[in-house]
Amino acid sequence: MVRGLRCPEDRWAWVEIDLDAVRQNTAAIKRCMDRDTLMMCVVKADAYGHGAVRCAKAMKRSGADQFAVATVAEGVALREGGISEPIAILSEPPVETAQTIVDYDLSPAVFNQSFALALGECAAAAGKVATYHLAIDTGMTRIGVNWRDALELRRSIDFHRGIECAGTFTHFATADVPRDWDFSMQARRFSEAVESIDAAGLDTGLVHCANTPATILHPRVHMDMCRAGIGLYGLHPANETRGMVDLKPVMSVRGRITRVERPEVGTGVSYGLSYRVPKPNIQICTVPIGYADGLSRNLSSNMDVLVNGERCRQVGRICMDQFMFEVSINNVRAYKPTRAVAYGDVVTILGTDGEESITADDMAQRRGTINYEVVCDFGLRLQKIYV
Ligand SMILES: *Cc1c(COP(=O)(O)O)cnc(C)c1O
């Protein structure tokens with residue numbers, strides 16, 4: 001019933017990653033861009049929980065030109081995994097990491113003079129030139145030099161021959177909101193800052209600012225390079241992008257039933273016994289996936305799973321490593337598996353089984369978060385199977 005089923009030997013719980021979908025999504029996003037615009041694929045947080053090295057290699061085959069990560073360790077892992085394309089670090093790391101950055105040829109965000117010069121010293125001592133991306137804050141108030149001070153910062157570090165500007169970038173706070181005034185303001189401030197650096201005769205390197213929503217919704221801010229993340233994993237950053245580009249979810253989460261019990265009416269289930277079996281002919285099934293695997297405890301008694309192509313209700317509190325769900329046998333109403341389930345049956349927590357699907361968006365809505373967090377969380381402990 002479940003396509004491509006392969007299960008790890010040591011645990012009946014796993015994440016399936018569809019690398020073909022990664023390739024299709026990369027190509028679909030690339031089709032939103034002009035032929036000469038470069039594509040930087042964001043694979044931070046282990047590719048949003050999907051596995052950075054394997055995903056980066058799949059993206060490369062569909063036209064990724066560069067990669068971006070959040071931390072030095074993530075950059076090192078990509079290099080050690082065999083990625084030779086430029087790798088940007090989307091934040092300015094502690095100065096103590098300068099030697100590693102130089103050794104692994106990573107390109108950090110820069111917005112402090114002291115960091116830039118320390119990086120330059122380190123590179124020069126190794127007989128190298130370290131590349132960086134100038135981070136400009138145009139209104140999100142997170143990282144970067146204030147857009148008014150960008151040129152001044154460049155002037156204060158450009159003398160150093162150990163560093164070279166590979167790119168100039170900003171990040172939007174509201175790219176997912178169509179016709180947003182703040183977005184336009186950020187875009188204008190960014191253009192002004194870039195023009196001032198240009199006009200002073202300094203090289204901006206590649207100019208980039210478009211995340212997935214801006215790549216899909218705002219072609220005018222593509223500039224030299226787009227910096228897409230979530231769309232590569234088949235998830236939409238906003239309702240507005242649905243229908244504009246065809247994306248295929250990459251991650252499924254599955255487990256196998258480790259126990260089936262048919263308790264008496266009134267029997268409690270899980271910590272606090274917050275659920276009690278309400279009627280005869282209820283099977284209570286256990287799956288070895290819990291909140292330490294990224295299945296938020298906030299979903300307790302507020303999610304479904306799929307078994308044999310049917311929806312079943314999760315019941316009782318989600319534990320650290322396991323949860324339970326109920327199967328109502330001989331029930332002609334809503335939750336009606338056509339047959340009883342058994343030890344070892346495959347359970348889909350996220351993904352498709354037959355005609356039914358549970359999406360990261362469903363789960364995000366129930367949890368009160370966004371699809372980004374849902375998939376990142378499942379990347380934490382579950383073993384990944386690449387299909
Ligand atoms: C995470 C991130 C991205 C990618 O954003 P998506 O919405 O996932 O496309 C791009 N740029 C920066 C600076 C980021 O932190």
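Scoring rules and cut-offs
By convention here, each chain's residues receive numbers from 1 onward along its written sequence. Per-residue local features are limited, in this predicted model, to residues with pLDDT of at least 70; the limit for side-chain atom pairs, both in listing and counting, is 80 or more; totals at the level of whole chains, interfaces and linings are taken over all residues. Side-chain calculation: all heavy atoms of the structure are included, whereas hydrogens and water are not. Each helix corresponds to a stretch of at least 4 residues labelled H or I by DSSP, and each strand to a stretch of at least 2 residues labelled E; elements are numbered beginning at the N terminus. Each residue is placed in one exposure class: buried if its accessible area under a 1.4 Å probe, protein chains only, is under 20% of its type's maximum, exposed if it is over 50%, and partly exposed if it falls in between. We call two residues contacting when some pair of their heavy atoms lies within 4.5 Å. His is not counted, nor are the chain ends, whereas Lys and Arg count as positive and Asp and Glu as negative. Note on charges: their place is set at NZ of Lys, CZ of Arg, CG of Asp or CD of Glu. Start and end points for every domain follow an automatic or database-based domain assignment. Values labelled buried area give the accessible surface lost by two parts on being combined, using a 1.4 Å probe and summing over both. The salt bridge criterion pairs a side-chain nitrogen of Lys or Arg with a carboxyl oxygen of Asp or Glu, the two atoms within 4 Å. For this analysis, a polar contact is any N or O atom pair within 3.5 Å, provided that within protein one partner can donate a hydrogen and the other can accept it, and provided that sequence-adjacent residues contribute only side-chain to side-chain pairs. Residue proximity to a molecule or strand is established when one non-hydrogen atom of the residue lies within 4 Å of it. Areas reported here follow the Shrake-Rupley algorithm with a probe of radius 1.4 Å; residue values treat only the protein chains shown as occluding. DSSP calls a pair of strands paired once it identifies at least 2 bridges connecting them. Using only the protein atoms, space was sampled on a 1 Å grid; points where a 1.4 Å probe fits but cannot get out form cavities, open sets with protein on both sides within 12 Å along at least five of seven lines form pockets, and lining residues are those with an atom within 4 Å of a point. Grid points are joined across faces, edges and corners, and a volume is the space filled by probe spheres set on the points. Here the term charged refers only to Asp, Glu, Lys and Arg, the term nonpolar to Ala, Val, Leu, Ile, Met, Phe, Trp, Tyr, Cys and Pro, and the term polar to all other amino acids, Gly among them. Pairing of aromatic rings covers Phe, Tyr and Trp, the last through its six-membered ring, and needs centres within 6.5 Å; plane angles under 30 degrees mean stacked, over 60 mean edge-to-face, and all others mean tilted. A ring is scored as having a charge over it whenever the NZ atom of a lysine or the CZ atom of an arginine sits within 6 Å of its centre and within 35 degrees of its normal.

Observations regarding the overall build of the protein
Counting its regular elements, the protein contains 11 helices and 21 strands. Overall, the C-alpha framework of the protein stretches about 80 × 45 × 40 Å when taken along its three principal axes. Of all 387 residues assigned to the protein, the portion counted as buried reaches 54%. Long-range contacts, defined here as pairs at least 24 residues apart, represent 67% of the contacts in the protein between residues at least 6 apart. Each charge class in the protein can be summarised by its mean position, and for the 43 positive and 47 negative side chains these summaries are 6 Å apart.

What to know about the domain arrangement of the protein
Assigned domains of the protein: these are domain 1 (19-236) and domain 2 (251-386). A straight line from the C-alpha centre of domain 1 to that of domain 2 covers 39 Å. Taken together, the 11 residues of domain 1 in the interface contact 9 residues of domain 2. When the two sides are added together, the surface that domain 1 and domain 2 hide from each other amounts to roughly 970 Å², 67% of it contributed by carbon and sulfur. In this assembly, domain 1 and domain 2 are joined by 1 salt bridge. In this structure, the salt-bridge partner of lysine 384 is aspartate 46, at a minimum N-O distance of 3.5 Å. At the boundary of domain 1 and domain 2, one finds 2 residue pairs in polar contact (both at pLDDT 80 or more). Counting residues per element, the side of domain 1 that touches domain 2 draws most heavily on helix 2 (residues 44-49), which supplies 4 residues.

Considerations on the site of the ligand
Of all residues adjacent to the ligand, which total 14 residues, the nearest are Lys44, Tyr48, Thr212, Ile230 and Tyr372. Within the side chain of histidine 171, one N or O atom sits 3.4 Å away from a nitrogen atom of the ligand. The contact in question runs from a nitrogen atom of the ligand to an N or O atom on the side chain of arginine 227, over 2.8 Å. Here the ligand has 390 Å² of accessible area as a free molecule, and 93% of this is covered by the chains. Going through the elements one at a time, helix 2, helix 9 (212-217) and strand 10 (225-228) are the ones with two or more residues in the shell around the ligand.

A short note on the pairing of strand 10
Every second residue of strand 10 is oriented toward a common face, with Met225 and Arg227 on one face and Cys226 and Ala228 on the other, all of them buried. With 4 bridges joining them, strand 2 (residues 38-42) and strand 10 adopt parallel strand pairing. Within the sheet, the bridge partner assigned to cysteine 41 lies in strand 10 and is alanine 228. Across 2 bridges, the pairing between strand 9 (residues 206-210) and strand 10 is parallel. Of the residues in strand 10, the one forming a bridge with alanine 210 is cysteine 226.

Quick notes on the pattern of salt bridges
Taken as a whole, this structure holds 17 salt bridges when the rule is applied. Among the ionic pairs, arginine 381 bridges to aspartate 293, the shortest N-O distance being 2.7 Å. Note that arginine 381 is positioned in the loop between helix 11 (371-378) and strand 21 (383-386) and aspartate 293 in the loop between strand 15 (282-287) and strand 16 (304-307), a separation of 88 residues in sequence. Here glutamate 326 makes a salt bridge to arginine 313, at a shortest N to O gap of 3.2 Å. Here arginine 313 lies in strand 17 (residues 310-315) and glutamate 326 lies in strand 18 (residues 323-328), a separation of 13 residues in the sequence. It is possible to trace a salt-bridge network through shared partners that takes in Arg11, Asp293, Asp321 and Arg381.

Things to note about empty space enclosed by the protein
As enumerated under the stated definition, the model contains 1 cavity of 30 Å³ or more in all. Space inside the largest cavity adds up to approximately 80 Å³. Lining the largest cavity are Ala135, Ile136, Asp137, Met140, Arg142, Ile143, Phe169, Thr170 and His171. With 3 residues, strand 6 (residues 130-137) is the single largest residue contributor to the lining of the largest cavity. Looking at the lining of the largest cavity residue by residue, the class counts come to 5 nonpolar, 2 polar and 2 charged.

Notes on the packing of aromatic side chains
Within this structure, the stated rule accounts for 4 aromatic pairs. Aromatic pair tryptophan 12 and tyrosine 343: ring centres 5.2 Å apart, planes at 55°, arrangement tilted. Note that tryptophan 12 is positioned in the segment before strand 1 (13-17) and tyrosine 343 in the loop between strand 18 and strand 19 (346-353), a separation of 331 residues in sequence. By relative accessible area, which is 25% here, tryptophan 12 ends up partly exposed. Site record: aromatic cluster; members linked through ring pairs are Tyr48, Tyr233 and Tyr372. Seen from the ring of tyrosine 386, arginine 54 lies directly overhead, with NZ or CZ sitting 4.4 Å from the centre.

Focus: the layout of surface pockets
In this structure, the largest pocket encloses a volume near 800 Å³. Taken together, 37 residues form the lining of the largest pocket, with Asn211, Ile230, Pro237, Ile370 and Tyr372 sitting closest to its centre. Those elements that provide at least two residues to the lining of the largest pocket are helix 2, helix 9, strand 10, helix 10 (360-367) and helix 11. Looking at the lining of the largest pocket residue by residue, the class counts come to 20 nonpolar, 10 polar and 7 charged.

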